[in-house]
Every structure is written in C-alpha cells, then in structure tokens.
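Coordinates in review
One letter stands for each residue in the lines below.
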Amino acid sequence: MTIALWKNARLVTLSSSTGWGIVDDGAMLTERGMIRWVGALGDLPQDQRVDEAHDLGGAVVTPGLVDCHTHLVYAGARAAEFELRLQGASYEAIARAGGGIRSTVAATRAASGERLYLLALDRLNALQAEGVTTIEIKSGYGLTERDEAKCLRVARRLARERPVTVRTTYLAAHALPPEFEHRDDAYIDAVCEWLTGLHVERLVDAVDAFCERIGFSLAQTQRVFDRAKSLGLPVKLHAEQLSDMGGTALAARYDALSCDHLEYANDDAVRAMAERGTVAVLLPGAYYFLRETKLPPVQALRDAGVPIAIATDHNPGTSPTLSPLLIMNMACTLFRLTPEEALRGMTMNGARALGLHDRGVLAPGMRADFVAWDVEHPNELAYWFGRRACRQVVVAGHAVRS
Ligand code: DI6
Ligand code: FE
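These remarks concern the structure in this document. Along each chain, numbering runs from 1 in the same order as the chain's sequence is written. Chains and ligands are labelled by the order in which they are written, letters from A for the one and numbers from 1 for the other. Local features in this predicted model are restricted to residues whose pLDDT is 70 or higher, and side-chain atom pairs enter the listing and the counts only when it is 80 or higher, whereas totals over whole chains, interfaces and linings include all residues. Side-chain numbers here rest on the full set of heavy atoms in the structure, without hydrogens or water.

**Structural notes on helix H5 (residues 145-161)**
As a reminder of what qualifies: Secondary structure elements are defined from DSSP: runs of H or I of at least 4 residues count as helices, runs of E of at least 2 residues count as strands, and each element is numbered from the N terminus. A helix is expected to span 1.5 Å multiplied by its residue count minus one. Think of it in three bands: residues with accessible area under 20% of the maximum for their type are buried, residues over 50% are exposed, and the middle band is partly exposed, with areas taken using a 1.4 Å probe on protein chains only. Residues are treated as being in contact if the distance between any of their heavy atoms lies within 4.5 Å.
Between its first and last C-alpha, H5 extends 24 Å over 17 residues, near the 24 Å set by a 1.5 Å rise per residue. Of the residues making up H5, those classed as buried are Asp-147, Glu-148, Ala-149, Lys-150, Cys-151, Leu-152, Val-154, Ala-155, Arg-156 and Leu-158. Turning to H5, the residues buried within the fold contact helix H3 (101-110), helix H4 (113-128), strand S6 (132-138), strand S7 (165-173) and helix H6 (184-200).

**With respect to the packing of H6 against helix H7 (residues 218-230)**
Cut-off, in case you're wondering: Interaxial angles span 0 to 180 degrees and are taken between N-to-C directions of axes, which are lines fitted to C-alpha atoms, for helices over the stretch in contact. Roughly parallel refers to an angle under 35 degrees, roughly antiparallel to one over 145, roughly perpendicular to one between 65 and 115, and oblique to any angle outside these ranges. Crossing handedness is defined as follows: a turn of the near helix away from the far one that is anticlockwise and smaller than a right angle gives a left-handed crossing, while the clockwise case is right-handed.
Between H6 and H7, the shortest axis-to-axis distance is 10 Å and the interhelical angle comes to 15°. Classified by the interaxial angle, the pair formed by H6 and H7 is roughly parallel. Viewed along their axes, H6 and H7 form a crossing whose handedness is right-handed. Residues Asp-184, Asp-185, Ile-188, Asp-189, Val-191, Cys-192, Glu-193, Leu-195 and Thr-196 of H6 form the contact with H7, whose own contacting residues are Gln-220, Arg-223, Val-224, Arg-227 and Ala-228.

**Side note on the coordination of the iron ion (ligand 2)**
What counts here: Atoms of type N, O and S within 2.8 Å of a metal are treated as its donors, and for Na, K and Ca the window is 3.2 Å; water is not considered, so some sites may appear to be missing partners. Every angle between 85 and 135 degrees makes a four-donor site tetrahedral, while opposite donors more than 155 degrees apart, with all other angles between 65 and 115, make a four-donor site square planar and a six-donor site octahedral; other sites are irregular.
Binding of the iron ion (ligand 2) to the protein goes through His-69 (NE2), His-71 (NE2), His-238 (NE2) and Asp-313 (OD), at separations of 2.1 to 2.4 Å. With 4 donor atoms in place around the iron ion (ligand 2) and angles of 81 to 166° between them, the coordination shape is irregular. When the donor residues of the iron ion (ligand 2) are listed from N- to C-terminus, their spacing reads H-x1-H-x166-H-x74-D. Taken as a pair, His-238 in strand S9 (residues 236-239) and Asp-313 in the loop between strand S12 (308-310) and helix H12 (324-333) lie far apart in primary sequence, 75 residues in all. In this structure, His-238 and Asp-313 share a single accessibility class: buried.

**What to know about the pattern of salt bridges**
The condition is simple: Definition used for salt bridges: Asp or Glu carboxyl oxygen within 4 Å of a side-chain nitrogen of Lys or Arg.
As enumerated under the stated definition, the model contains 24 salt bridges in all. With a closest N to O distance of 2.6 Å, Arg-213 and Glu-92 form a salt bridge. Taken as a pair, Arg-213 in the loop between strand S8 (206-211) and H7 and Glu-92 in helix H2 (residues 91-96) lie far apart in primary sequence, 121 residues in all. The partner of Arg-391 in a salt bridge is Asp-374, and the shortest N-O contact between them spans 2.5 Å. Here Arg-391 is found in strand S14 (residues 390-395), whereas its partner Asp-374 is found in the loop between strand S13 (370-373) and helix H15 (380-383), with 17 residues between them in sequence.

**Some thoughts on the sheet that holds S12**
The following threshold applies: Note on pairing: DSSP must find at least two bridges between two strands before they are called paired.
The parallel open sheet is built from 8 strands, whose spatial order is S5-S6-S7-S8-S9-S10-S11-S12. A strand with exactly one partner marks an edge of an open sheet, and here the two such strands are strand S5 (65-67) and S12. In this sheet, neighbouring strand axes are inclined to one another by 25° on average, regardless of whether the strands run parallel or antiparallel. Bridging between S5 and S6 involves 3 bridges; their strand directions are parallel. Its bridge partner lying in S6, Asp-67 is registered against Ile-135. H5 rests against S6 and S7 of the sheet, and its axis sits at about 170° to S7. Sitting on the sheet, H7 is in contact with S7, S8 and S9, with an inclination near 175° to S8.

Now the structure itself:
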C-alpha cells in the first residue's frame, strides 16, 4: 500500500480539547485513506518508508470541513420571497399563505431526478471548493414517498460520483403538503410509513423534523422519533428556531445526535443536551437572512459543556449560501464564537453532530480529509469574508479535482 508524505504545512490539528494544536513545519503520513502519523517533519523517523511526497507549500492545513446541516437537493430559487420579506412580510406569514417551503416543494416535485442531481452537484462543487469534505443532506422538499425517495437517491448519487462523504437525513416532517391540508396527523402517519420503506432501501442515515408552530407539534415529532428508534435510526431536530416549543428536551430524551438552530432554547433545553451528549448546531446564515434578533444561548451552551457545531443550513428560503467560510465569519460576528470555536464547529463538532468519530481532527487513525488554506494563521479563516482562501482539498488521501 502506498504511503504518502504531506510536508511543509502549518498543521492545525485540533487534537486536544482546547487550542488550535498548531504544528509548525508539520508533516503527515497517509495510507489507505487514513492518517498514520502527524508531527514536525524533523521528528519523522529517518528510516520511514515514503512512496510519494507532496509539498503543501507552507499552507495552513486544517481538517476537512464538515457541513452537518444542509438542504442541498431542491429546485427553484426564492428571490421573490426575499423581496417580499424586505418589504416587511414575515417568513411565518409567507409560509402560512402557502409560499415558503411549499413553493420549493412544488418546484422539486416537478423536477426530474437528473435535473435535481445537476443542481445539487453544482452546489456541492461550490461547497467543496471552500473545503467541505463531509456533508449532511436532508430531504424535505418532496413530501411524497416518491419525491422524498427521489431526493434521497440524488444525495446517494452525489456520494458515488464525487469525492465526499454524504450523510442523508429524512425530513419529510418539514412542512404539511397541500394534499394533507388540515390532516396533519394523517400526514405524520404517512411520514412514518414511508420511512420504513426508505430505510429498507438504505436511503436514510438519520431522521429529522421541523418542530415549530408552522411545522409540527411535539406529539407529532415524538411519533416520527418513535418510528425512527424502532428502525434503529438516530434522530436530530430543527428545534427552537422561531419559538420555544420544548423540542430540544424531547429530542435529547431520544438521544438526538443534534438539535439545530436553538435561538429560543432555554436553560432546561441546554441542560437536557448536556446530559445526553447532544450537539448544538448553530446556523448563523438563517439567523442573518431572516434578520432575527434573538441570539442562541451560546454562553449557556459553553458553560454546560455542550459541543457547538455550525453549518451552512444551505436552503433556498432561509440560508441560500454556499460559503462555509462566510458562515464561520458570521458565527463569530453574529453569535460571538471565537475563531477557534468556529473552526471546531465546522470540523470535529460537525462530525459529532453526524455521529462520525473518524474525522474532524488531524491525528493518527483519522480519515485523511484535510484542506490547505492560503492564510498564515487559522484565525484568518473566520476573519476574511468573501475571499477565496482554499488552496487544496484532500479527501481520503487524494487531492480533489474540481
Ligand atoms: N428551517 C430552516 O431554516 C429551513 N427549514 C427549516 O425547517 C428553511 C427551509 C425553507 O424555507 O425552505
Ligand atoms: Fe435547516
């Protein structure tokens, strides 16, 4: 098996619980897609066999970015809705009037799997050009068994055809489709039934719901979670984004991998997450784009020791961004995370929010997913915004070509 040496890097290992873990004049050995050794080049054993060597040109090198919350597969933009909101219409009012998520559902149902694939591929390529090596992709714009399957198959196809890890999440409990108007409990019955079939087809890695006034109730969310658990699937939740529904505490009782958004989460929610090891996923893009003012309880999360991840939440309604670095910047400027917390949030804690423990730090035994950046210090990753700072992306020990 080929042993590759990657040298001339300023490694940002994140391998201890605090601090960047910088190794200057750093080097890594990779073999079979995994990291075998990490250290200063001068400490590499003299007799180490090396089959190929790569010069990283003095770049800052971090773990590959993990975008742990996206809605990447859909058709249609929502710029007209953006204009309405700029004129004063609220996101909730637009949703209640049948716009919002439902308008994306109509466009997604009308699109072929091939068309959805090409649209999502373009978005994935943009994210990867900024360092993303692992991505979560939710369904939730199909809302029929056939259309949810269509979207999840697109997500699986992306993983087959691009060098990236994709984790799929079933989010049929995202909005009530028009054919179920006033029959939300019947819709939840259908959501549970479809899940069983999609699971048999191995299309689902985790199960999510939108627990919100304009989404689904606690009791309905619980029914979806019960079905997920009966199939052995982990859960996560869009919780406390627009109001305090108590979804976080419910999700924690089901040992959720993560609770996401959390602007309205209270102390009980934070405690529940801490007790169950649930990751808090903060989504500053949606906060920014909806011009929200209620901040998530960042200090309480820190004090309770809840791991904080951040993600793009890429979607056409509330976070139409393809820039993980911009999201790191927003996590600092809007939510007051430190640049180090922002990087941990988009690497190791993002991985944890997906139940992945083999990535997110540069250490022996981890996947060889890493990114070389045109910066001098990792704090610049959250500092610049709108700058193309990514020099090279490496996935499982292979340089990615776009
Ligand atoms: N919360 C969000 O921010 C996205 N979904 C959700 O449950 C928004 C989805 C959309 O507006 O299309
Ligand atoms: Fe979302």
